[in-house]
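# A closer look at the structure
The lines below spell out each chain.
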Amino acid sequence: MRKADRHLLIRQIITEHTVRTQEELLQQLEVQGVSATQATISRDIRDLKIVKVPDESGQTKFVIFQGMQASEDEKEEEQRLIQMIEDVVTKVDRVQFMTLIHTVADNAPLLSAAIDEVTMPEKVCSLAGFDTVAVISRSDEDAETFYQFIRKHAVL
């Protein structure tokens, strides 16, 4: 089953049934003839922005988060990224189509995840080490734009 079809089915299951755990969601999917791993379900839950809320009896159940519009969510993710850049970036370099971001020790994976969460046409992906993030862009121009974004927000 394609991811989009599985997501649609998960939305339907959570809307029509009380689902309290990932295991229950896996069981409901199996009833519908869909086999998935726990890791896949975890990613789906994150992608669909499914959260646990208390029901009328006080027990938690899964619901699809409706609190923010997509544009508000994107602004919040960008603000988190900017805050992280201010807090952990120690140096930034650009080499052709790559931007190399140096961080406080053991912060590169967190910064890389924050970069990946923000939609930016200037980046293709990021790779993290212990204290360095490499951001790959499609062109030198895109890399320069991304580099300037990081420099603007870094406290160097």
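Cut-offs used in this document
- Residues numbered from 1 in each chain as written.
- Predicted model: local features only at pLDDT ≥ 70, side-chain atom pairs only at ≥ 80, totals over all residues.
- Heavy atoms only, no water.
- UniProt positions renumbered as here; feature names shortened; annotations may be inferred.
- Helix = DSSP H or I, 4+ residues; strand = E, 2+ residues; numbered from the N terminus.
- Rg over C-alpha atoms; globule rule 2.2 N^0.38 Å.
- Buried < 20%, exposed > 50% of the residue type's maximum accessible area, 1.4 Å probe, protein only.
- Contact = heavy atoms within 4.5 Å.
- Areas by Shrake-Rupley, 256 points an atom, 1.4 Å probe, with all protein chains shown as cover.
- Lys, Arg positive; Asp, Glu negative; His and termini not counted.
- Charge placed at Lys NZ, Arg CZ, Asp CG, Glu CD.
- Salt bridge = Lys/Arg side-chain N within 4 Å of Asp/Glu carboxyl O.
- Pairing = 2+ DSSP bridges.
- Axes fitted to C-alpha atoms, helices over the stretch in contact; angles between N-to-C directions.

Per an unreviewed UniProt entry, the protein is named Arginine repressor, and its organism is Enterococcus entomosocium. According to UniProt, the comment filed for the protein under the heading Subcellular location (unreviewed entry) is "Cytoplasm". The UniProt entry for the protein carries this comment under Pathway (unreviewed entry): "Amino-acid biosynthesis; L-arginine biosynthesis [regulation]."

### Comments concerning the overall build of the protein
Each helix and strand in the protein was counted, giving 6 helices and 6 strands. Along the chain direction, N to C, the helices and strands of the protein fall in the order α-α-α-β-β-α-β-β-α-β-β-α. The C-alpha atoms of the protein give a radius of gyration of 19 Å, which is well past the 15 Å a tight globule of 156 residues would have. For the protein, the proportion of its 156 residues judged to be buried stands at 35%. Within the protein, contacts between residues at least 6 apart in sequence are counted, and of these 50% link residues at least 24 apart. Of the roughly 9500 Å² that the protein leaves accessible, carbon and sulfur atoms contribute 49%. Between the averaged position of the 18 positive side-chain charges in the protein and that of its 27 negative side-chain charges there is a distance of 2 Å.

### Brief notes about the side chain of Asn-107
Of note, Asn-107 is situated in the loop between strand S4 (98-103) and helix H5 (108-117). A relative accessible area of 18% means that Asn-107 is categorised as buried. Leave out the neighbours within four places in its chain, and Asn-107 touches Val-88 and Phe-130.

### Quick word on the pattern of salt bridges
Inspection of the entire model under this criterion finds 8 salt bridges. Asp-47 is paired through a salt bridge with Arg-46; the nearest N and O atoms lie 3.5 Å apart. Given the relative accessible area of 35%, Asp-47 is considered partly exposed. Classification of Arg-46 as exposed rests on a relative accessible area of 51%.

### A few points about the sheet that holds strand S5 (residues 125-128)
Strand pairing in a sheet relies on backbone hydrogen bonds. The paired strands run either parallel or antiparallel. What the 4 strands build is an open sheet, ordered S3-S4-S6-S5; its pairing is antiparallel. The open sheet terminates on both sides in strands that have one partner only, identified here as strand S3 (89-95) and S5. Along the sheet, successive strands turn relative to each other by an average axial angle of 20 degrees, direction set aside. This element, H5, spans S3, S4, S5 and strand S6 (132-136) of the sheet and lies at about 170 degrees to S5. Most of the contacts of helix H6 (residues 140-153) go to S3, to which it runs at about 165 degrees, and overall it touches S3, S4 and S6.

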